[in-house]
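Summary of structural features
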Amino acid sequence: MFELPVPPQDLLRILCGIWFVPHVVGKIRNFTKATASFEAAGLKPGRVFIVLTIALEVTAVVGMVFNIYPKVATGCAVIVLLGAAYAVMRINGPKWRWQLMGPEFPIFWALACLVSAL
């Protein structure tokens, strides 16, 4: 039988943290566009929310991947992801399915983060 090198819950925590890396990089590389998206969702001033989100995401990455205050890091992740779900609904309306740009992915990801912290 195949055995994982780390317990499954730790693997989930690490993967949930790693998944933030492209989001952080995308926000930094497209700062102006990301700011406009935040403002379209009603999160104003957009610059403040982008900087705050980047800080929370970096905290989530470091904490979840390296197991440094993982519950605090998970809390940061959940805040960002529920904020993303809110923003998606504000911009695209109350649609659920991903094909309609719904909030189900950030909600699922937030729940996976919570499970990893139990």
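Everything numeric in this text was worked out from a predicted model, so none of it was measured.

It is the contact of helix 3 (residues 31–40) with helix 4 (residues 46–66), at a shortest axis distance of 8 Å, that shows an interaxial angle of 110°. Put simply, helix 3 runs roughly perpendicular to helix 4. Across from Phe31, Ala34, Thr35, Phe38 and Glu39 in helix 3, the residues of helix 4 making contact are Gly46, Arg47, Phe49, Ile50, Val51, Thr53 and Ile54. Residues that form the contact of helix 3 with helix 4 fall into these classes: seven nonpolar, three polar and two charged.

All right, on to the packing of aromatic side chains then. All chains considered together, the criterion is met by two aromatic pairs. Ring geometry for Phe105 and Trp109: centres 5.5 Å apart, planes at 45°, overall tilted. Residue Phe105 and its partner Trp109 are located together in helix 6 (residues 104–117), separated by four residues, close to a single helical turn. On the basis of relative accessible area, Phe105 is assigned to the partly exposed category, the value being 43%. A relative accessible area of 5% means that Trp109 is categorised as buried.

Turning our eyes to something else, we now look at the layout of surface pockets. What the largest pocket holds in volume is close to 760 Å³. Lining of the largest pocket is provided by 28 residues; of these, Lys27, Phe38, Ala84, Ala87 and Val88 occupy positions nearest its centre. Looking at the lining of the largest pocket, the elements that each hand over two or more residues are helix 2 (20–29), helix 3, helix 4, helix 5 (70–92) and helix 6. When grouped by side-chain class, the residues that make up the lining of the largest pocket number 18 nonpolar, seven polar and three charged.

Rules of the game
- Residues numbered from 1 in each chain as written.
- Predicted model: local features only at pLDDT ≥ 70, side-chain atom pairs only at ≥ 80, totals over all residues.
- Heavy atoms only, no water.
- Axes fitted to C-alpha atoms, helices over the stretch in contact; angles between N-to-C directions.
- Helix = DSSP H or I, 4+ residues; strand = E, 2+ residues; numbered from the N terminus.
- Parallel < 35°, antiparallel > 145°, perpendicular 65-115°, else oblique.
- Contact = heavy atoms within 4.5 Å.
- Nonpolar A, V, L, I, M, F, W, Y, C, P; charged D, E, K, R; others polar.
- Phe/Tyr/Trp six-rings, centres within 6.5 Å; stacked < 30°, edge-to-face > 60°.
- Buried < 20%, exposed > 50% of the residue type's maximum accessible area, 1.4 Å probe, protein only.
- 1 Å grid on protein atoms, 1.4 Å probe; cavity = no way out; pocket = protein on both sides within 12 Å on 5 of 7 lines; lining within 4 Å.
- Points joined across faces, edges and corners; volume = space filled by probe spheres on them.

That is the geometry; function is a separate question.
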